[in-house]
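Residue strings, one per chain:
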Amino acid sequence: MNNQIYLIGDVHGCYKTLCALIDRLPRGTDSKICFVGDLIDRGEGSFEVVQLAIQRGYAAVMGNHEYRLLQHKDAFLRGETPSDPRWFYLNGGAQTFASYAKASRAQKLAHLKFLSNLPLYLELAEFKNAQGRRLVASHSAIGRMWALRNSHGDSAAEFRWHVLCGRDDFSQNEGVFNVYGHTPIASPDITKFSANIDTGCVYKHDFGRLCALEFPSMRVFIQENVEDGE
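Scope of this entry: the structure provided in the associated data block. Everything quoted here is computed from the prediction, not taken from an experiment.

The next point concerns the pattern of salt bridges. Applying the stated criterion across every chain yields a total of six salt bridges. Between Asp84 and Arg68 there is a salt bridge; the shortest N-O distance is 3.7 Å. Placement of Asp84 in the loop between helix H4 (73-78) and helix H5 (85-90) and of Arg68 in helix H3 (residues 64-71) is noted, with a sequence separation of 16 residues between them. We classify Asp84 as buried; its relative accessible area is 16%. Ionic pairing is found between Arg134 and Glu123, a salt bridge with its closest N-O pair at 2.4 Å. With Arg134 in strand E5 (residues 134-138) and Glu123 in strand E4 (residues 121-128), this pair connects stretches of sequence that are 11 residues apart. Overall, Glu123 belongs to the partly exposed group, its relative accessible area being 35%.

Shown next as C-alpha cells:
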C-alpha cells in the first residue's frame, strides 16, 4: 500500500471523525494523506485537526475557509471578533476561534504559518490512474480554469477564486485526474477524470460522512460522523 495516497474530503473541524477514518486506512496514521481543503470551521475541533496535519506531515491544499481565516489573522491572534460577521457567525469562524481559545500565541502562529503555506492545488504526478492520468488535488474542481494556473494579475485572481469557491464546472483536462471537495454530496462522485469526495461530514443531519479516496486504486473509505461520541 506504499504506492497509494489517501485523499480526504472536507473535514471542517470534525476531529473525532477524522481520527476514526484514519484508523480504518490500511496503514493508519502512517498513511500518505492529502486533504482537499476546509480542514477548519463549523466543527468543534479545528485546532486538533490542524495540529494533527502538522504533526504527521500530511499534505493539504487551501480551502476557502482557510483562506477566510487568513484574511482575519490579526483578530484571530488577538482572540477578537473579526470584521466579517457572515463568515464568523454563519460559516463556522466562531467555532474555529473557540477551538483555539486555550492555544498559545506560538501555537496560533505555527498554525497560521502552516495554513498560509498551503498551495491552491497539488499536482502529484507520481500518482497516476490506470488511464495514465496524473493526480491533481484541489479544493474545488479545477475545471476550465486549469489553463490559468500559471497566470499573473487578474487571471491569477480568477484562478484562485475558482479553485477555492467555484462550483458546477466539471470540465475535464487532458492527462489529469482531479480530486476535490467544496460541494457536499451524499456519496463520492467518481468519473473517468475527477472525483468529488466532500460527503458533508459536518452536516450530520443531511450528509454526515467523511470520505477518503485511495488513489490510484480508487478504493473508497467512508466514516460516519462520530463527533457526539457514537
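This is not the end of the story, as more comes after the structure.
Next up on the list: unusual backbone geometry. Generally, phi is negative for residues other than glycine and the peptide bonds are trans, each holding for most cases. Looking along the chain, the bond that leaves Phe215 and enters Pro216 is cis, with omega of 15°. Residue placement: Pro216 occurs in the loop between strand E9 (209-215) and strand E10 (219-224). You will see that Asp38, though not glycine, has its phi angle at about 60°, which is positive. Inspection of the secondary structure puts Asp38 in the loop between strand E2 (33-35) and helix H2 (46-56). The residue His182 is not glycine, and still its phi comes out positive at about 80°. Mapped onto the secondary structure, His182 falls in the loop between strand E6 (176-180) and strand E7 (189-190).

Packing of helix H1 (residues 15-24) against H2 brings their axes to within 8 Å, and their N-to-C directions diverge by 35°. Where H1 approaches H2, its residues Tyr15, Leu18 and Ile22 are matched on the opposing element by Glu48, Val49 and Leu52. Classifying every residue of the contact of H1 with H2 gives five nonpolar, no polar and one charged.

Turning our eyes to something else, we now look at helix H8 (residues 153-165). When the terminal C-alpha atoms of H8 are compared, their 18 Å separation across 13 residues agrees well with the 18 Å that a helix rising 1.5 Å per residue should span. Among all positions of H8, only Phe159, His162, Val163 and Leu164 are buried. Lining the buried residues of H8 we find H3 and E4.

Mapped onto the secondary structure, Tyr15 falls in helix H1. The class for Tyr15 is partly exposed, based on a relative accessible area of 28%. Linking Tyr15 and Pro85, residues 70 residues apart in sequence, is a C-alpha distance of 25 Å. Not counting residues up to four positions away in its chain, the partners in contact with Tyr15 are Gly45, Glu48, Val49, Leu52 and Glu227.

Counting residues in each nonpolar core, the largest one holds 39 residues, and the members touching the most others are Ile8, Val11, Leu18, Ile33 and Phe35. Top contributing element to this core by residue count: H2, with five residues. With sequence-adjacent residues up to four places away left out, Ile8 is seen in contact with Leu18, Leu21, Ile22, Ile33, Cys34, Phe35, Val36, Ile197, Leu210, Cys211 and Ala212. Core analysis: the next-biggest nonpolar cluster, separate from the first, contains 17 residues, Val36, Leu124, Ala195 and Phe215 among them.

Bringing the packing of aromatic side chains into the picture now. Evaluated as defined, the whole model comprises 13 aromatic pairs. Within the aromatic cluster, the residues linked to one another by ring pairs are Phe47, Phe76, Trp87, Phe88, Tyr89, Phe97 and Tyr100. Between Lys108 and the ring centre of Phe76, over which it is positioned, the NZ or CZ distance is 5.2 Å. A cation over a ring is seen here: Arg149 above Trp146, with NZ or CZ 4.1 Å from the ring centre.

Taken in spatial order, the five strands of this open sheet run E4-E5-E6-E8-E7, and their pairing is mixed. Unpaired on one side and paired on the other, E4 and E7 mark the two borders of the sheet.

Rules used in this analysis
- Residues numbered from 1 in each chain as written.
- Predicted model: local features only at pLDDT ≥ 70, side-chain atom pairs only at ≥ 80, totals over all residues.
- Heavy atoms only, no water.
- Salt bridge = Lys/Arg side-chain N within 4 Å of Asp/Glu carboxyl O.
- Helix = DSSP H or I, 4+ residues; strand = E, 2+ residues; numbered from the N terminus.
- Buried < 20%, exposed > 50% of the residue type's maximum accessible area, 1.4 Å probe, protein only.
- Axes fitted to C-alpha atoms, helices over the stretch in contact; angles between N-to-C directions.
- Contact = heavy atoms within 4.5 Å.
- Nonpolar A, V, L, I, M, F, W, Y, C, P; charged D, E, K, R; others polar.
- Expected span 1.5 Å × (residues − 1).
- Core = buried A, V, L, I, M, F, W, Y, C linked by side-chain atoms within 4.5 Å.
- Phe/Tyr/Trp six-rings, centres within 6.5 Å; stacked < 30°, edge-to-face > 60°.
- Lys NZ or Arg CZ within 6 Å of the ring centre and 35° of its normal.
- Pairing = 2+ DSSP bridges.

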